[in-house]
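Examining the three-dimensional arrangement
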Amino acid sequence: AGGRTRVTGGRGDGTSKRGSRQTAAGVQTLSGHENGGRGGAVDSGNKLVSGSYDCNLKRWDLVKGAKLFSLRGHKGSISCFQLRDRNILSGSSDATLNLWDNRYKKPVLTFAGHSGPIVCMDWDGNRLVTGSRDTTVRVWDVRTGRATKVLSGHKDWVKSCKFVGADTVISGSCDSTVRTWSLSSDDSIKVLLGHTGAVNGVVWDINGGSLVSTSADASIRFWDLKTGKLVKMSKAHNDEIIACAPFQTKLATSSFDCTVKIWDQDKVIHNLAGHKLKISCMAVHENRIVTGSWDKTLRLWEFPLNTRL
């Protein structure tokens, strides 16, 4: 990317400062949570949802840079959430999930079943997969709020989980392993070994044809999903990598080193810096990357729509 872009940053006093500089992406900073942000989910209508350790979800208008309203209902911190049209699914340290309808600003369905805080989720149509500190992975029917499968095998917290196709789930854990699961048999198919720290992120890279994992050991690893063998490994971050996600035709990772990096296979092509404290989470949508940080801000990184990375 590149070019001259406008940068907006919050001052913390309710005003904003504006300027311009040479950068890879336009940046917008939002402040409003009382504790560290847990990231954001963006829709195509220039609206953003954020969650935090303050137990609240907030809805933002990105054009105005203003908060629209807050959603309160969880008794614990918001650990993960996703946005679909007018609905939001949120997971919390109170061990429940809430399905919200923006029209009513209250939960319309609560999912209960995990015996420990919910850490991660992946929402795909009428199905949902979650991971918890109770060491299990659960698959849910979003229409009923009931768990349809409980997958057991990890020895520690489940930090990340994703659907891959119709029959496979992948998960990463604080036990330093990546597991692949068959939904038709409810069995763990493969256990991928090699990381020396918690596996905070797993994703299927459709462009590279690899299972990608990121870890507290600061590495990003690419695996062959069929054989379970390590294809390649790279290190570019200086601290724990806490999330990874496909971004256009590339991959994005975020880290406790306060940066986001965009990868072309095992090479870094963009480095996004700006948070003053550790990044706690990341989400992507089309040409946008949203990060939440312990500096109590959200940063929205927006690349030009006509730019292909």
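Anything mentioned here points back to the structure above.
Here we summarise the structure given alongside this text. (Residues numbered from 1 in each chain as written. Predicted model: local features only at pLDDT ≥ 70, side-chain atom pairs only at ≥ 80, totals over all residues. Heavy atoms only, no water.)

1. Topic: the environment of Trp-294
The criterion, for reference: To qualify as a helix, a DSSP run of H or I must reach at least 4 residues; to qualify as a strand, a run of E must reach at least 2; elements of each kind are numbered from the N terminus.
Residue position: Trp-294 is located in the loop between β29 (288-293) and β30 (297-302). Along the primary structure Trp-294 and Ser-280 are separated by 14 residues, whereas in three dimensions their C-alpha atoms are 6.6 Å apart.

2. Structural notes on the packing of aromatic side chains
How we decide: For Phe, Tyr and Trp, rings pair up if their centres lie within 6.5 Å, where Trp contributes its six-membered ring, and each pair is then called stacked (planes under 30 degrees apart), edge-to-face (over 60) or tilted (otherwise). Accessibility here uses a 1.4 Å probe with only protein chains present; expressed as a share of the type maximum, an area under 20% marks a residue as buried, one over 50% as exposed, and anything in between as partly exposed. Remark: a charge is flagged as sitting over a ring if the NZ atom of Lys or the CZ atom of Arg is within 6 Å of the ring centre and within 35 degrees of the ring normal.
Summed over the entire model, instances satisfying the criterion amount to two aromatic pairs. Consider the rings of Phe-111 and Trp-140, whose centres lie 5.7 Å apart with planes at 70 degrees: the pair is edge-to-face. On the criterion of sequence distance, the pair formed by Phe-111 in strand β11 (residues 106-112) and Trp-140 in strand β14 (residues 137-141) is long-range, its members being 29 residues apart. Given the relative accessible area of 2%, Trp-140 is considered buried. Sitting over the face of the ring of Phe-222, Lys-232 holds its NZ or CZ atom 5.2 Å from the ring centroid.

3. A short note on the pattern of salt bridges
When the charged atoms of two side chains lie near each other, side chains of opposite charge can form a pair. The line we're drawing: Whenever Lys or Arg places a side-chain nitrogen within 4 Å of a carboxyl oxygen from Asp or Glu, that contact is recorded as a salt bridge.
Tallying each qualifying case throughout the model produces seven salt bridges. Notably, a salt bridge pairs Asp-101 with Arg-103, separated by 2.8 Å at the nearest N-O pair. With a shortest N-O distance of 2.9 Å, Asp-186 and Lys-149 are connected by a salt bridge. With a gap of 37 residues between them, Asp-186 in the loop between β18 (178-182) and β19 (187-192) and Lys-149 in strand β15 (residues 146-151) connect regions that are remote in the sequence. A relative accessible area of 23% places Lys-149 in the partly exposed class. One salt-bridge network, in which partners are shared between bridges, spans Arg-86, Asp-101 and Arg-103.

4. Some thoughts on unusual backbone geometry
Unlike most non-glycine residues, Thr-135 shows phi in positive territory, near 80 degrees. Its location among the elements puts Thr-135 in the loop between β13 (127-132) and β14. Classification of Thr-135 by relative accessible area gives partly exposed; the value is 23%. The residue Cys-258 is not glycine, and still its phi comes out positive at about 75 degrees. Classification of Cys-258 as buried rests on a relative accessible area of 18%.

5. Side note on the sheet that holds β19
Our working definition: If DSSP finds at least two bridges between two strands, the strands pair. Between the N-to-C directions of two axes lies an angle of 0 to 180 degrees, each axis being a line fitted to C-alpha atoms and, for a helix, fitted only over the stretch in contact.
Here four strands make up an open sheet; going across it, the order is β16-β17-β18-β19 and the pairing antiparallel. Two strands lie at the open edges of the sheet, namely β16 (158-164) and β19, each paired on one side alone. The mean angle between the axes of side-by-side strands here comes to 20 degrees, regardless of whether they run parallel or antiparallel. Across five bridges, the pairing between strand β17 (residues 168-173) and β18 is antiparallel. Bridging across to β18, Val-169 finds its partner in Trp-181.

6. Digging into the pairing of strand β23 (residues 230-235)
Relative to β23, strand β22 (residues 219-223) is paired through five bridges, and the arrangement is antiparallel. Paired with Phe-222 across the strands is Lys-232, a residue of β23. Linking β22 to β23, which pair antiparallel, is a turn of six residues; within it Gly-228 sits at a positive phi near 75 degrees.

7. Considerations on the environment of Asp-224
Quick reminder of the rule: Contact criterion: two residues are considered in contact whenever any of their non-hydrogen atoms come within 4.5 Å of each other. Think of a polar contact as two N or O atoms within 3.5 Å of one another; within protein, one of them needs to be a possible hydrogen donor and the other a possible acceptor, and neighboring residues in sequence only count if both atoms come from side chains.
Its place among the elements puts Asp-224 in the loop between β22 and β23. Through-space distance from the C-alpha of Asp-224 to that of Gly-209 is 7.9 Å; in sequence the pair is 15 residues apart. When near neighbours in sequence (up to four residues on either side) are disregarded, Asp-224 contacts Lys-229 and Val-231. A polar contact of 3.1 Å, which involves the side chain of Asp-224, links it to the backbone nitrogen of Thr-227.

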